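Chain by chain, the residues run as shown.
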Amino acid sequence: MTSTPPRNTAAVIGGGPAGLMAASILSKQGFSVDLFDGMASLGRKFLLAGIGGMNLTHSEPLPQFLSRYAPQEPQLLASIEQFSPNAIREWASNLGIATFVGTSGRVFPSDMKAAPLLRAWLRQLREQGVRIHTRHRWLGWAGDGTDILRFSHPEGERYHSAAITILALGGASWPRLGADGGWVPLLRARGVAIQDLEPANCGFNVDWSATLQEKWAGTPLKSVTAHFEDAHGQRRQRKGEFVLSKTGIEGSLIYALSAPLRETLNLNGSAALFIDLMPDQTLAQIAAKLARPRNKNSLSNHWRKAGIQPVHAALLREALSSEEAQQPQRVANALKALPIHLTSPRPIAEAISSAGGVEFSALNSGYMLNALPGVFCAGEMLHWEAPTGGYLLTGCLATGYAAGLGASRWLLGAS
Ligand SMILES: Cc1cc2nc3c(=O)[nH]c(=O)nc-3n(C[C@H](O)[C@H](O)[C@H](O)COP(=O)(O)OP(=O)(O)OC[C@H]3O[C@@H](n4cnc5c(N)ncnc54)[C@H](O)[C@@H]3O)c2cc1C
């Protein structure tokens, strides 16, 4: 295919929430849309997100909601105001999927699932004339221009031309679901500024002893408080729960702190997280219990009688020398601020999402790449990150919506 494609044609590459939303906008406006994905079916990560309860968005007031995208809040402001959490609920409702606000303020489909929503969405896209091409893995462009898209397909290389292209290729977490960051070198080679992809909402490695790995991996620590000083000297503190793993620590409390922890590790080479294992008791109360006469009790028994859980005892033994473990005040201090030394984030393949991606400075206000006129980007492949809580999907849907509108405006203006 070499002739100039008609001006009403669009190619969307990536069938996750961002690409589906872009395809939806363009097809609704009458453009002829071809949607490509490297996998055998669309929306695999979207479906996975539905397994633990699909958290679509959040009901908190918009200013607070937007603050979750800091420091990229200003860059996402326009797209999220345009396709807001309320608009997302309305969109789902128009697809026949009612939503509700959970006790935490998070918004879920009424059956908590992603599959019915995805099915209804794909049905609507087909009805709007979108042609879906699975097993088409984008390899870049043929030649120096951006006219001819190259794909690998089980039956050999394929080519396609459209007047505009929207890339919605995701980040690099859970690569077996399709998004593996393979687009990074392709766009860098075309002069697009990209921040390295890094794990976000991720766990961290800790050099645990063999005993802790064998006996305590998988144990949750509930209702604890974690704090640390970030790379800018700011104290970060949060309540919640986390899980000990063979390789370190993971779970919602850790994910929520993972962005500043990752940054601290990047800048300082190390990061220590301090856990208050007994937030409901004061240091003095704990110290008083530990200072009671030990008599003939073993240290473990003495700790148990002072209300120290076995998993807490195991963590104390990781943090204290055997001499320090004999000193009630040292033990009490450690129970209120147990240091856990993080060595590195867990690999991006295990993370819930990715940080890094295409810089907003590489895009115009319509999400078109300055370096590649006619090529637009949306979703997790852009340089923003957010905690879990519906913010990730909202960011993807809103930027997909904005890129769809940006492409439509560009096609109309340029035709
Ligand atoms: C376990 C888990 C649970 C989650 N739960 C939630 C949740 O409850 N709420 C929430 O807000 N977020 C959640 N997320 C995050 C959310 O799912 C993602 O942020 C979102 O799916 C990203 O959307 P996207 O469209 O940008 O990219 P993706 O959904 O990753 O889609 C990208 C698509 O591009 C395709 N692709 C990539 N490269 C190529 C190529 N070269 N050629 C062709 N196709 C390609 C992929 O196959 C894929 O289909 C969760 C993530 C995980 C891993």
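These figures come from a predicted structure and were not determined experimentally.

Cut-off values and rules
- Residues numbered from 1 in each chain as written.
- Predicted model: local features only at pLDDT ≥ 70, side-chain atom pairs only at ≥ 80, totals over all residues.
- Heavy atoms only, no water.
- Helix = DSSP H or I, 4+ residues; strand = E, 2+ residues; numbered from the N terminus.
- Buried < 20%, exposed > 50% of the residue type's maximum accessible area, 1.4 Å probe, protein only.
- Contact = heavy atoms within 4.5 Å.
- Areas by Shrake-Rupley, 256 points an atom, 1.4 Å probe, with all protein chains shown as cover.
- Lys, Arg positive; Asp, Glu negative; His and termini not counted.
- Charge placed at Lys NZ, Arg CZ, Asp CG, Glu CD.
- Near = heavy atom within 4 Å.
- Polar contact = N/O pair within 3.5 Å; in protein donor to acceptor, adjacent residues only side chain to side chain.
- Pairing = 2+ DSSP bridges.
- Axes fitted to C-alpha atoms, helices over the stretch in contact; angles between N-to-C directions.
- Core = buried A, V, L, I, M, F, W, Y, C linked by side-chain atoms within 4.5 Å.
- Phe/Tyr/Trp six-rings, centres within 6.5 Å; stacked < 30°, edge-to-face > 60°.
- Salt bridge = Lys/Arg side-chain N within 4 Å of Asp/Glu carboxyl O.
- Domains from an automatic or database assignment.

A tally of helices and strands in the protein chain yields 14 helices and 19 strands. Its C-alpha atoms put the protein chain at 90 × 40 × 40 Å along the principal axes. Counting every position in the protein chain, which comprises 415 residues, the buried fraction comes to 51%. Within the protein chain, counting contacts between residues at least 6 apart in sequence, those at least 24 apart form 69% of the total. A total of about 18300 Å² of accessible surface is found on the protein chain, and carbon and sulfur atoms cover 50% of it. Here the protein chain holds 38 positive side-chain charges and 31 negative ones, and the gap between their average locations is 8 Å.

Around the ligand, 31 residues are found, and the nearest of them are Asp37, Asn55, Trp138, Glu380 and Leu393. At a separation of 3.3 Å, an oxygen atom of the ligand approaches a polar backbone atom of Pro17. Asp37 places a polar side-chain atom, nitrogen or oxygen, 2.5 Å from an oxygen atom of the ligand. When the ligand is considered free in solution it has 1000 Å² of accessible area, and contact with the protein chains removes 93% of it. Of all the elements in the fold, those that place two or more residues in the shell around the ligand are helix 1 (17–28), helix 2 (44–49), strand 7 (137–141) and helix 14 (391–414).

A word on the sheet that holds strand 5 (residues 106–109). One open sheet holds the three strands; their spatial order is 3-5-4, and the pairing between them is antiparallel. In the strand order of this sheet, the two ends are held by strand 3 (57–58) and strand 4 (99–101), each with one partner. Note: strand 4 against strand 5, three bridges, orientation antiparallel. Paired with Val101 across the strands is Val107, a residue of strand 5.

What follows is about the side chain of Ser161. Tracing the sequence through the fold places Ser161 in strand 9 (residues 158–161). Here Asp147 takes part through its backbone oxygen, which lies 2.9 Å from a polar atom of the side chain of Ser161.

Now for the sheet that holds strand 15 (residues 248–250). Strand order in the closed barrel formed by six strands is 12-15-14-13-16-17, with antiparallel pairing between adjacent strands. The sheet shows a mean angle of 50 degrees between the axes of neighbouring strands, direction not considered. Seen against the sheet, helix 9 (residues 252–268) touches strand 12 (204–206), strand 13 (220–229), strand 14 (235–244), strand 15, strand 16 (271–276) and strand 17 (338–345) and runs at an angle of roughly 125 degrees to strand 14. Where helix 12 (residues 310–319) meets the sheet, it contacts strand 13, strand 14 and strand 17, and its direction lies at approximately 75 degrees from that of strand 17.

With that settled, the discussion passes to the pairing of strand 9. As judged from the four bridges shared by strand 8 (residues 148–152) and strand 9, these two strands associate in the antiparallel manner. Across the sheet, the residue bridging to Leu149 is His160, located in strand 9. What sits between the antiparallel neighbours strand 8 and strand 9 is a turn of five residues, in which Gly156 has the positive phi angle 125 degrees.

Turning next to the nonpolar core. In this structure, Trp91, Trp138, Leu187, Val358 and Leu369 are the most contacted members of the largest nonpolar core, which totals 79 residues. Here this core gets 10 residues from one element, more than from any other, and that element is helix 14. Discounting chain neighbours no more than four positions away, the residues touching Leu369 are Leu187, Val192, Val358, Ala362, Leu363, Val375 and Cys377. Ranked by size, the runner-up nonpolar core spans 44 residues in total, among them Ile286, Trp303, Leu316 and Ile340.

Our focus in this paragraph is the packing of aromatic side chains. In this structure the tally under the stated criterion is 12 aromatic pairs. With a centroid separation of 4.9 Å and 85 degrees between ring planes, the pair formed by Trp138 and Trp141 is classed as edge-to-face. Comparing Trp138 with Trp141, the two get one shared label, buried. With 6.4 Å between their ring centres and 70 degrees between their planes, Phe376 and Trp410 make a pair best called edge-to-face. Residue Phe376 is found in strand 19 (residues 375–377), and its partner Trp410 is found in helix 14; the two are separated by 34 residues along the sequence. Classification of Trp410 as partly exposed rests on a relative accessible area of 28%. One aromatic cluster is present, built from ring pairs that chain together Phe65, Tyr69, Trp384 and Tyr391.

Summed over the entire model, instances satisfying the criterion amount to 12 salt bridges. The salt bridge partner of Asp34 is Arg131, with a shortest N-O separation of 3.0 Å. Residue Asp34 is located in strand 2 (residues 32–36), and its partner Arg131 is located in strand 6 (residues 131–133); the two are separated by 97 residues in the primary sequence. The salt bridge involving Glu324 is made with Arg330; its shortest N-O contact spans 2.6 Å. Through salt bridges that share partners, Glu198, Arg262 and Glu385 make up one connected network.

Here the focus is the domain arrangement of the protein chain. The assigned domain composition of the protein chain is domain 1 (9–199 + 356–411) and domain 2 (204–345). Computed from C-alpha atoms alone, the centre-to-centre distance between domain 1 and domain 2 is 39 Å.

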